[in-house]
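Chains, contacts and geometry: an overview
This is what each chain is made of:
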Amino acid sequence: QVHVAESGGGLAQSGGSLRLSCVVSGRPFNSLILGWFRQAPGKEREFVAAISRTAARTGNADSVKGRFTISRDNAKSTSYLQMNSLKPEDTAVYYCAATNQGYLGHTIYRDPSEYDWWGQGTQVTVSS
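Here goes a summary of the coordinates provided. (Residues numbered from 1 in each chain as written. Predicted model: local features only at pLDDT ≥ 70, side-chain atom pairs only at ≥ 80, totals over all residues. Heavy atoms only, no water.)

Another aspect to go through is the overall build of the protein. Assigned secondary structure in the protein consists of 0 helices and 11 strands. Its helices and strands in sequence order give the protein the pattern β-β-β-β-β-β-β-β-β-β-β, from N to C terminus. Since a compact globule built from 128 residues should have a radius of gyration of about 14 Å, the 14 Å found for the protein is in line with a globular shape. The principal-axis extents of the C-alpha atoms in the protein amount to approximately 40 × 30 × 25 Å. Within the protein, buried positions represent 43% of all 128 residues. When contacts within the protein are restricted to residue pairs at least 6 apart in sequence, long-range pairs at least 24 apart make up 61% of them. Carbon together with sulfur atoms contributes 45% to the accessible area of the protein, which is approximately 6400 Å² in total. Within the protein, one finds 13 positive and 10 negative side-chain charges whose respective centroids are separated by 6 Å. (Helix = DSSP H or I, 4+ residues; strand = E, 2+ residues; numbered from the N terminus. Rg over C-alpha atoms; globule rule 2.2 N^0.38 Å. Buried < 20%, exposed > 50% of the residue type's maximum accessible area, 1.4 Å probe, protein only. Contact = heavy atoms within 4.5 Å. Areas by Shrake-Rupley, 256 points an atom, 1.4 Å probe, with all protein chains shown as cover. Lys, Arg positive; Asp, Glu negative; His and termini not counted. Charge placed at Lys NZ, Arg CZ, Asp CG, Glu CD.)

Structure representation (structure tokens):
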């Protein structure tokens with residue numbers, strides 16, 4: 001059984017920073033493609049960032065480029081989302097997702113339907 005657990009959410013001021021963590025167990029971590037998504041009240045879940053198995057490739061949504069950085073530490077079975085220059089519009093529940101679909105080391109997915117396992121989410125609130 002795969003377990004995905006996010007942590008690190010909370011309240012930040014506009015312009016501030018937060019770092020989210022995602023620990024995944026139940027599958028070899030280096031076999032997993034990882035993604036971060038977010039969902040604000042009344043809105044659909046949207047892609048934030050993704051990272052390939054080897055970390056050779058990452059992808060970000062246009063809305064967070066230059067501000068958010070995704071990374072992974074395979075030795076700790078953990079992915080991180082470093083969020084800088086936060087804006088009130090970044091307020092949402094942030095979800096970590098994982099999949100072991102595909103076989104290329106540089107594959108990433110932006111579509112939430114490509115992911116098999118999800119965490120319960122962590123709330124991020126940015127005040128103006």
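Structure shown, so let's carry the discussion forward.
For the rest of this paragraph, the subject is unusual backbone geometry. Even without glycine at this site, alanine 55 takes up a positive phi of about 70 degrees. Position of alanine 55 relative to the elements: it lies in the loop between strand 5 (46-51) and strand 6 (58-60). At serine 77, a residue that is not glycine, the phi angle is positive and equals roughly 55 degrees. Residue serine 77 is classed as partly exposed on the basis of its relative accessible area, which comes to 23%.

In total, this model carries 1 disulfide according to the counting rule given. Here cysteine 22 engages in a disulfide with cysteine 96; their sulfurs sit 2.0 Å apart. With the S-S bond torsion at -80 degrees, the cross-link from cysteine 22 to cysteine 96 turns out left-handed. A residue pair is termed long-range when its members are at least 10 positions apart, and cysteine 22 in strand 3 (residues 18-25) and cysteine 96 in strand 9 (residues 92-99) qualify at 74 residues. (Disulfide = S-S within 2.5 Å.)

Glancing now at the pattern of salt bridges. Within this structure, the stated rule accounts for 4 salt bridges. A salt bridge links aspartate 62 to lysine 65, with the shortest nitrogen-to-oxygen separation between them at 3.2 Å. A single network of salt bridges, built from pairs that share partners, joins Arg38, Glu46, Arg67 and Asp90. (Salt bridge = Lys/Arg side-chain N within 4 Å of Asp/Glu carboxyl O.)

Attention now moves to the sheet that holds strand 7 (residues 68-73). Overall, antiparallel pairing links the 4 strands, which are arranged 1-3-8-7 in an open sheet. Each having just a single partner strand, strand 1 (3-7) and strand 7 make up the two edges of the open sheet. Within this sheet the neighbouring strands show an average axis-to-axis angle of 15 degrees, counted without direction. (Pairing = 2+ DSSP bridges. Axes fitted to C-alpha atoms, helices over the stretch in contact; angles between N-to-C directions.)

For the structure on display, the rule yields 6 aromatic pairs. Residues tyrosine 109 and tyrosine 115 carry aromatic rings whose centres are separated by 6.3 Å and whose planes lie at 90 degrees to one another, so their mutual orientation is edge-to-face. What makes tyrosine 115 buried here is its relative accessible area of 5%. Three or more aromatic residues joined by ring pairs form one cluster here, namely Phe37, Phe47, Tyr95, Tyr109, Tyr115 and Trp118. Here the guanidinium or amino end of arginine 45 rests over the ring plane of tyrosine 95, the centre of that ring lying 3.9 Å away. The ring of tryptophan 118 has arginine 45 lying over it, and the distance from NZ or CZ to the ring centre is 4.7 Å. (Phe/Tyr/Trp six-rings, centres within 6.5 Å; stacked < 30°, edge-to-face > 60°. Lys NZ or Arg CZ within 6 Å of the ring centre and 35° of its normal.)

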